[in-house]
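Chain by chain, the residues:
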Amino acid sequence: CHIEGTVNGEQYEGKRIFLVPYSGPATMETVDSMEITNGQFHFEPDSVQMYKILLDYHYRFGLQPLLVVGEPGDVQVVIDTVSHASGTPQNNALEQWKVRTEMHNHQLGLMRKNIVELTKQGDTVQANYLKQRADSFHLVYKDYTRQLAKESEGSTLGDFLKDLFPLTYKRKMPDGSIKTFNADTNEEIPE
């Protein structure tokens, strides 16, 4: 894997940028770093896994951290207010998911803000209607993520996505029993 990146902004010249494993320990042995030179950096991770690319924490305000899959091939990265990566199959799919996620989060945030405003104004009918629409909108996004995880099964990206929106969850009941519930409807699933 060859990660070639740029950081937009003269103020980042000479600062350190890090390639950190997404999961597992972040130690001297697992974290790679380098100095930004002429607005550029590069990494060559030696294992296929999910990584975070982060600027030194003293200077990262205003820059979006970036998830990237360390997989064979050339990955082009831009670190900016909106960061992105492309060039390999998993990174291209991850970028599409990231764009969809950002649009989803923005729209869902607006819906929730409107629900709060309507509730404050006493318009519970419209607030409940908008809550149902927001729930449906979020379910479509969850299903999209689940489908992408299924299509990417067995890959680093698939492993990352599959745990984001499980279909079920377990809850310990007051009597000590464990029951399974549907993660979308919160209804109990009979055993």
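So, here's what we can say about the structure.

Quick notes on the rules
Residues numbered from 1 in each chain as written. Predicted model: local features only at pLDDT ≥ 70, side-chain atom pairs only at ≥ 80, totals over all residues. Heavy atoms only, no water. Phe/Tyr/Trp six-rings, centres within 6.5 Å; stacked < 30°, edge-to-face > 60°. Helix = DSSP H or I, 4+ residues; strand = E, 2+ residues; numbered from the N terminus. Buried < 20%, exposed > 50% of the residue type's maximum accessible area, 1.4 Å probe, protein only. Core = buried A, V, L, I, M, F, W, Y, C linked by side-chain atoms within 4.5 Å. Contact = heavy atoms within 4.5 Å. Salt bridge = Lys/Arg side-chain N within 4 Å of Asp/Glu carboxyl O. Polar contact = N/O pair within 3.5 Å; in protein donor to acceptor, adjacent residues only side chain to side chain. Pairing = 2+ DSSP bridges. Axes fitted to C-alpha atoms, helices over the stretch in contact; angles between N-to-C directions. 1 Å grid on protein atoms, 1.4 Å probe; cavity = no way out; pocket = protein on both sides within 12 Å on 5 of 7 lines; lining within 4 Å. Points joined across faces, edges and corners; volume = space filled by probe spheres on them. Nonpolar A, V, L, I, M, F, W, Y, C, P; charged D, E, K, R; others polar.

1. Digging into the packing of aromatic side chains
Reasoning step 1: In total, this model carries 5 aromatic pairs according to the counting rule given.
Reasoning step 2: Ring geometry for tyrosine 141 against phenylalanine 165: centres 5.7 Å apart, planes inclined by 85°, an arrangement best described as edge-to-face. Here phenylalanine 165 lies in the loop between α3 (156-162) and β9 (168-172) and tyrosine 141 lies in helix α2 (residues 124-151), a separation of 24 residues in the sequence. For the pair tyrosine 141 and phenylalanine 165, one class covers both residues: buried.
Reasoning step 3: For the pair tyrosine 169 and phenylalanine 181, a centre-to-centre distance of 5.5 Å together with 15° between the ring planes defines the contact as stacked.

2. Notes on the nonpolar core
Reasoning step 1: In terms of nonpolar packing, the biggest core is built from 20 residues, with Ile3, Ile17, Phe41, Ile53, Val77 and Ile79 touching the most fellow members.
Reasoning step 2: Where this core is concerned, the elements lending two or more residues are β1 (2-7), β2 (16-21), β4 (40-43), β5 (50-55), β6 (66-69) and β7 (74-79).
Reasoning step 3: What isoleucine 17 contacts, discounting residues up to four positions off in sequence, is Val7, Asp32, Ser33, Met34, Ile36, Phe41, Phe43, Ile53, Leu54, Leu55 and Ile79.

3. Some points on the pattern of salt bridges
Reasoning step 1: Enumeration according to the criterion identifies 6 salt bridges in this entry.
Reasoning step 2: Between aspartate 135 and lysine 131 there is a salt bridge whose closest N-O contact spans 2.9 Å. Residue aspartate 135 and its partner lysine 131 are both found in helix α2; the two are separated by 4 residues, about one turn of the helix.
Reasoning step 3: On the accessibility criterion, lysine 131 (42% relative accessible area) is partly exposed.
Reasoning step 4: Across the pair arginine 146 and aspartate 184 runs a salt bridge, and its minimum N-O distance is 2.9 Å. Of this pair, arginine 146 sits in helix α2 while aspartate 184 is found in the loop between β10 (178-182) and β11 (188-189), placing the two residues 38 residues apart along the sequence.

4. Looking at the side chain of histidine 104
Reasoning step 1: Inspection of the secondary structure assignment puts histidine 104 in helix α1 (residues 89-120).
Reasoning step 2: Within the structure, histidine 104 has its side chain in polar contact with the side chain of histidine 138 (distance 3.0 Å).
Reasoning step 3: Excluding residues that lie within four positions of it along the chain, histidine 104 makes contacts with Phe137, His138 and Tyr141.

5. Re the side chain of lysine 142
Reasoning step 1: Tracing the chain through its elements places lysine 142 in helix α2.
Reasoning step 2: Beyond its immediate sequence surroundings of up to four residues, lysine 142 is in contact with Phe165, Ala183 and Asp184.

6. Focus: the pairing of β1
Reasoning step 1: Burial along β1 is one-sided: the residues Ile3, Gly5 and Val7 are buried and none of His2, Glu4 and Thr6 is.
Reasoning step 2: One ladder, built from 4 bridges, connects β1 with β4; its direction is antiparallel. Considered in β4, the bridge of glutamate 4 is made with histidine 42.

7. Focus on the sheet that holds β7
Reasoning step 1: The 4 strands are arranged β4-β1-β7-β8 in an open sheet whose pairing can be described as mixed. Bordering the open sheet on either side are β4 and β8 (84-86), each of which pairs with just one other strand. Looking at each pair of strands side by side, their axes are set apart by 20° on average, direction ignored.
Reasoning step 2: Across the sheet, α1 touches β7 and β8, and the angle it forms with β8 is around 145°.

8. Describing the pairing of β9
Reasoning step 1: Examined bridge by bridge, β9 and β10 share 5 bridges and lie antiparallel to one another. The residue bridging arginine 171 from the neighbouring strand is lysine 179, located in β10.
Reasoning step 2: The antiparallel pairing of β9 with β10 creates a hairpin that spans 5 residues between the two strands, and glycine 176 there sits at a positive phi of about 95°.

9. Let's talk about empty space enclosed by the protein
Reasoning step 1: Using the criterion set out here, one finds 1 cavity of 30 Å³ or more in the structure.
Reasoning step 2: Put simply, the largest cavity is a space of about 50 Å³.
Reasoning step 3: Taken together, Ile53, Leu54, Leu55, Arg60, Leu63, Gln64, Pro65 and Ile79 form the lining of the largest cavity.
Reasoning step 4: When residues in the lining of the largest cavity are grouped by element, the largest group, 3 residues, is from β5.
Reasoning step 5: Here the residues of the lining of the largest cavity sort into 6 nonpolar, 1 polar and 1 charged.

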